[in-house]
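Working through the structure, step by step
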Amino acid sequence: MGLLTTTSSSASAAHSDLVPSLSTGSVKEFVLTRVVNGRPTFSTVDASQAQILRQSGETVTGNVSATLSDFPEETETEGDYSPPPYNWMTEVAALEQAMIVAVIDTGVDLTHPHLRDSLLPGGNFVPYDGVTAAAWSDGNGHGTHVAGTVLYNNPFVKILPVRVLDREGDGEIAPIAQGIVWAVDNGAQVINISIGLSAENGPDLLPVHAAVQYAKSHDVVIVAAAGNDAEFGSPPAAPALFEEVIAVAATQNREVAPFSNRNSYVDIATDGVDVLSSALGGGSLRMSGTSMASPRVAAIAAGLRALNPTWTADDIKDHLLATANDRGAIGPDPVYGFGEMSTHRAFTTVLSRPTGQMPPAAITKVKVKSAVGGSTITSPQGSVFVKYPSGDIEVLSSDYSFISLVHATTVQIWTYDKLGAPTRALTKRLSPAKLPTIKALAQRNGSTARLKITSKTPPDALLTVLTVSRAGIEKEVALLYPAVGVITVPSSNVRWFKVCYAVEDRTLGCKKFKLG
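Here we summarise the structure given alongside this text.

The rules behind each value
- Residues numbered from 1 in each chain as written.
- Predicted model: local features only at pLDDT ≥ 70, side-chain atom pairs only at ≥ 80, totals over all residues.
- Heavy atoms only, no water.
- Helix = DSSP H or I, 4+ residues; strand = E, 2+ residues; numbered from the N terminus.
- Buried < 20%, exposed > 50% of the residue type's maximum accessible area, 1.4 Å probe, protein only.
- Contact = heavy atoms within 4.5 Å.
- Areas by Shrake-Rupley, 256 points an atom, 1.4 Å probe, with all protein chains shown as cover.
- Pairing = 2+ DSSP bridges.
- Axes fitted to C-alpha atoms, helices over the stretch in contact; angles between N-to-C directions.
- Parallel < 35°, antiparallel > 145°, perpendicular 65-115°, else oblique.
- Nonpolar A, V, L, I, M, F, W, Y, C, P; charged D, E, K, R; others polar.
- Disulfide = S-S within 2.5 Å.
- Left-handed = near helix turned anticlockwise from the far one by under 90°.
- Salt bridge = Lys/Arg side-chain N within 4 Å of Asp/Glu carboxyl O.

1. Some remarks on the overall build of the chain
- Scanning the chain for helices and strands turns up ten helices and 33 strands.
- With 516 residues in all, the chain has 53% of them scored as buried.
- In the chain, of all internal contacts separated by at least 6 residues, the share reaching a separation of at least 24 is 69%.
- When the accessible surface of the chain is split by element, carbon and sulfur atoms take 50% of a total near 22400 Å².

2. Some points on the sheet that holds strand 2 (residues 29–36)
- Read from one edge to the other, the open sheet built from three strands follows the order 3-2-4, with strand pairing classed as antiparallel. Of all strands in the sheet, those bounded by a partner on one side alone are strand 3 (39–46) and strand 4 (59–62). Strand-to-strand twist in this sheet, taken as the mean axis angle between neighbours without regard to direction, amounts to 30°.
- Packing of helix 2 (residues 47–55) onto the sheet brings it into contact with strand 2, strand 3 and strand 4, and relative to strand 3 it is tilted by some 130°.

3. Comments concerning the packing of helix 5 (residues 173–185) against helix 6 (residues 206–217)
- The N-to-C vectors of helix 5 and helix 6 enclose an angle of 10°; their axes lie 8 Å apart at closest approach. With respect to helix 6, the element helix 5 is oriented roughly parallel. Facing helix 5, whose interface residues are Ile173, Ile176, Ala177, Ile180, Val181, Val184 and Asp185, helix 6 presents Pro207, Val208, Ala211, Val212, Tyr214 and Ala215.
- Here the residues of the contact of helix 5 with helix 6 are counted per class, giving twelve nonpolar, no polar and one charged.

4. A short note on the sheet that holds strand 27 (residues 440–445)
- On the basis of which strands lie adjacent, the open sheet formed by three strands has the order 27-28-31 and antiparallel pairing. A single partner strand is all that each edge strand has here, and the edge strands are strand 27 and strand 31 (486–490). The mean angle between the axes of side-by-side strands here comes to 15°, regardless of whether they run parallel or antiparallel.

5. Some points on the state of the cysteines
- Evaluated as defined, the whole model comprises one disulfide.
- Across the disulfide, cysteine 500 is cross-linked to cysteine 510 (sulfur-sulfur distance 2.1 Å). Given an S-S torsion of about 105°, the disulfide between cysteine 500 and cysteine 510 has right-handed geometry. You can see cysteine 500 sitting in strand 32 (residues 494–503) and its partner cysteine 510 sitting in strand 33 (residues 506–514), a full ten residues away along the chain.
- Overall, cysteine 510 belongs to the partly exposed group, its relative accessible area being 37%.

6. Things to note about the packing of helix 7 (residues 290–307) against helix 8 (residues 313–322)
- Contact geometry of helix 7 with helix 8 gives a least axis separation of 10 Å together with a crossing angle of 120°. Between helix 7 and helix 8, the angle is such that the two are oblique. Taken as a pair, helix 7 and helix 8 cross one another with a handedness that is right-handed. On helix 8, the residues touching Val297, Ile300, Ala301, Leu304 and Arg305 of helix 7 are Ala313, Ile316, His319 and Leu320.
- Along the lines of polarity and charge, the residues of the contact of helix 7 with helix 8 split into seven nonpolar, one polar and one charged.

7. What about unusual backbone geometry?
- Along the chain, alanine 238 connects to proline 239 via a cis peptide bond; the corresponding omega equals 10°.
- Relative to the assigned elements, proline 239 resides in the loop between strand 14 (237–238) and strand 15 (246–252).
- With a phi close to 55°, asparagine 37 is a non-glycine residue in the positive phi region.
- We classify asparagine 37 as exposed; its relative accessible area is 82%.
- Backbone geometry places serine 234, a non-glycine residue, at a positive phi of 55°.
- With respect to the helices, strands and loops of the structure, serine 234 is situated in the loop between strand 13 (221–225) and strand 14.

8. Considering the side chain of asparagine 192
- Mapped onto the elements of the fold, asparagine 192 is located in strand 11 (residues 190–193).
- Take asparagine 192: its relative accessible area is 0%, and that puts it in the buried class.
- Setting aside anything within four residues of it in sequence, one finds asparagine 192 in contact with Ala102, Val103, Ile104, Val146, Val223, Ser294, Pro295 and Ala298.

9. A look at the environment of isoleucine 316
- Checked against the element boundaries, isoleucine 316 lands in helix 8.
- Those residues in contact with isoleucine 316 that lie beyond four places of it in its chain are Val221, Ala301, Leu304, Arg305 and Trp311.

10. Looking at the pattern of salt bridges
- Under the defined criterion, the tally for this structure stands at seven salt bridges.
- Where glutamate 58 meets arginine 34, a salt bridge forms, and the shortest distance between an N and an O atom there is 2.7 Å. Here arginine 34 lies in strand 2 and glutamate 58 lies in the loop between helix 2 and strand 4, a separation of 24 residues in the sequence.
- For arginine 34, a relative accessible area of 39% gives the class partly exposed.
- In this structure, the salt-bridge partner of aspartate 185 is arginine 39, at a minimum N-O distance of 2.7 Å. Linking aspartate 185 in helix 5 with arginine 39 in strand 3, this pair joins segments that are 146 residues apart in sequence.
- According to the relative accessible area criterion, aspartate 185 is partly exposed, its value standing at 37%.

Now the structure itself:
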């Protein structure tokens with residue numbers, strides 16, 4: 001996704017009255033936003049009309065133009081691709097009705113063999129610009145790649161193409177807002193927006209936010225790309241920054257992509273580098289960007305919604321964040337949000353739910369015992385929720401017998417009623433993890449120094465071994481996982497071994513062993 005940078009340079013002072021200074025000539029067209037019976041409408045007006053409407057109390061903002069300024073690099077790829085055969089797909093395939101995922105973008109290639117059988121009649125909010133096929137056909141390629149990514153990750157959805165950017169990747173705020181409202185009115189259950197508008201436009205973003213709020217009021221899941229401008233300080237991007245949206249960062253091999261925005265609004269992360277998907281005109285290609293990460297989350301959200309028709313949009317969002325694999329700093333952070341999306345955990349938790357209500361007697365058998373580095377749970381029934389002091393909740397599958405979460409304060413065992421609604425059954429409080437006794441034998445043998453770890457540690461523990469010179473300089477020499485082993489290093493200038501114990505990427509303590 002390229003962050004859309006506006007061609008307007010309206011001063012912040014001009015935004016204070018919602019109408020940029022007309023003398024600058026930076027904004028020649030404005031957007032009148034009205035809400036009628038809960039539905040927002042957007043119409044464009046000129047500068048003179050904008051002044052009159054504003055003075056009469058109407059909401060008027062600048063219809064600033066925008067362009068995809070940092071379009072992701074792409075690599076042409078020969079051949080076709082097929083979706084992975086995930087178990088949950090069998091469950092979704094058995095359903096009679098497909099979820100509708102709207103792609104708010106540059107349109108979609110209507111004849112592409114990957115897409116054509118999954119497309120619904122779309123909508124177009126871009127004036128004629130030379131695209132000769134149907135009005136919602138793609139003349140750029142970005143929307144085609146995004147739609148293909150949705151279908152690759154969930155082939156059982158229908159794509160609702162909504163064209164709001166032209167063949168050059170240019171657009172304006174009014175068409176984007178109009179496209180979102182149109183998608184809601186035409187049955188979208190999930191909306192993907194791989195577009196970002198610079199938040200420096202302030203009140204000019206009001207129409208887009210009104211459209212997003214309209215979607216939220218109709219219980220539509222809204223997913224948006226977080227932005228690709230990390231090298232420029234990660235300026236906030238809309239609509240990802242809106243609370244109603246699931247904001248998606250990009251990763252590669254479990255590490256955040258270098259371009260992916262780091263910001264407090266980031267909710268979740270997933271693969272967004274060298275993503276293989278549909279190419280304009282046929283075939284496939286690889287592209288990188290948070291634009292490529294966002295439709296993966298949208299596809300999984302549609303799968304969850306199909307399997308759980310009583311879940312609200314908030315339920316879908318909460319479940320995706322709760323089942324994400326924590327990355328980076330423990331708990332939510334500006335880089336990964338609540339973590340990297342785990343398709344396996346998201347659907348395992350859903351598909352393993354009991355079909356009926358769990359008998360109370362089974363719940364009473366759950367035992368939680370505090371242990372070094374975490375807690376042991378025996379005979380769990382239902383699903384296990386681990387609650388952090390921050391309020392963050394992590395969902396674990398029902399077959400967990402050991403949890404090494406050093407920051408957890410409580411474990412909650414839940415069951416579900418006959419309608420699939422969660423009902424808390426039991427809460428157990430945990431004691432904080434304590435530093436275990438680290439036992440080791442350090443010996444000097446001629447020109448080598450040897451350290452043998454003799455103590456047993458929990459299965460999720462990690463020992464970092466360092467050497468300490470006579471001058472106090474530390475050097476990491478080994479990581480032991482599982483934390484049992486023997487280390488041999490040259491003994492020249494080594495006075496101590498230092499062993500640090502960590503669980504869940506947090507060091508709990510260290511101990512020194514002097515060479516004998």
